[in-house]
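Given next are the chains, with one letter for each unit.
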Amino acid sequence: MSDEQLPLPTPSHEVRQWAMFCHLSALLGIWVPFGTLIGPLILWQMKRETDPFIDAQGKEALNFQLTVAIASAVCFLLMIVVIGFFMFGLLAIGALVLTIIGGVKAGEGVPYRYPFTWRLIK
């Protein structure tokens, strides 16, 4: 069996928990303006040097929330021609569902990559 086929060891419970928090902290945006960006950013900055899994999942969560913020701004601009209202609704539902999926996967120790994400932070 080559090195490429070996499964990665499952991260510890604490590491999985912090990675999950990086994803789910975006739900802070329900109550706090810009919380969707602030939550993942703060947790990733605090814990990124603890474990490579937390670092990778924190970056992934932050990149996704940055992409959602940019898409939200475009939707708000398109509200002038009415279609932005529909697009923003779809974006909000999709972001909520994908954020929860990301949190669940990270909690299981599975690296999660969001679809349709512009990865600004490498």
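Definitions and cut-offs
- Residues numbered from 1 in each chain as written.
- Predicted model: local features only at pLDDT ≥ 70, side-chain atom pairs only at ≥ 80, totals over all residues.
- Heavy atoms only, no water.
- Core = buried A, V, L, I, M, F, W, Y, C linked by side-chain atoms within 4.5 Å.
- Buried < 20%, exposed > 50% of the residue type's maximum accessible area, 1.4 Å probe, protein only.
- Helix = DSSP H or I, 4+ residues; strand = E, 2+ residues; numbered from the N terminus.
- Contact = heavy atoms within 4.5 Å.
- Axes fitted to C-alpha atoms, helices over the stretch in contact; angles between N-to-C directions.
- Parallel < 35°, antiparallel > 145°, perpendicular 65-115°, else oblique.
- Nonpolar A, V, L, I, M, F, W, Y, C, P; charged D, E, K, R; others polar.

**Quick notes on the nonpolar core**
Part 1 of the reasoning: Listed in full, the eight residues of the largest apolar core are Phe64, Val68, Cys75, Leu91, Ala95, Leu98, Tyr112 and Tyr114.
Part 2 of the reasoning: Put simply, the parts of the chain that give this core at least two residues each are helix H3 (52-78) and helix H4 (83-108).
Part 3 of the reasoning: With residues near it in sequence (within four places) discarded, Tyr114 still touches His23, Glu60, Ala61, Phe64, Leu98, Thr99, Gly102 and Arg119.

**Some thoughts on the packing of helix H1 (residues 13-24) against H3**
Part 1 of the reasoning: In contact at an axis separation of 8 Å, H1 and H3 are set at 10° when each is read in the N-to-C sense. Considering the angle they form, H1 stands roughly parallel to H3. Across from Val15, Arg16, Trp18, Ala19, Cys22 and His23 in H1, the residues of H3 making contact are Phe53, Ile54, Gln57, Gly58 and Ala61.
Part 2 of the reasoning: Tallied by class, the residues present in the contact of H1 with H3 amount to seven nonpolar, three polar and one charged.

**A closer look at the environment of Leu43**
Part 1 of the reasoning: Its location among the elements puts Leu43 in helix H2 (residues 35-47).
Part 2 of the reasoning: A C-alpha to C-alpha distance of 7.6 Å links Leu43 and Phe21, two positions 22 residues apart in sequence.
Part 3 of the reasoning: Not counting residues within four places of it along the chain, the set of residues in contact with Leu43 comprises Trp18, Phe21, Cys22 and Ser25.

**What about the environment of Ile54?**
Part 1 of the reasoning: Relative to the helices and strands, Ile54 is located in helix H3.
Part 2 of the reasoning: With 34 residues separating them along the chain, Ile54 and Met20 place their C-alpha atoms 8.6 Å apart.
Part 3 of the reasoning: Beyond its immediate sequence surroundings of up to four residues, Ile54 is in contact with Val15, Trp18, Ala19, Cys22, Trp44 and Lys47.

**Points about unusual backbone geometry**
Part 1 of the reasoning: The backbone of Phe34 shows a phi angle near 60°, a positive value even though the residue is not glycine.
Part 2 of the reasoning: Residue position: Phe34 is located in the loop between H1 and H2.
Part 3 of the reasoning: Take Phe34: its relative accessible area is 64%, and that puts it in the exposed class.
Part 4 of the reasoning: Phi is positive for Phe116, close to 60°, though the residue is something other than glycine.

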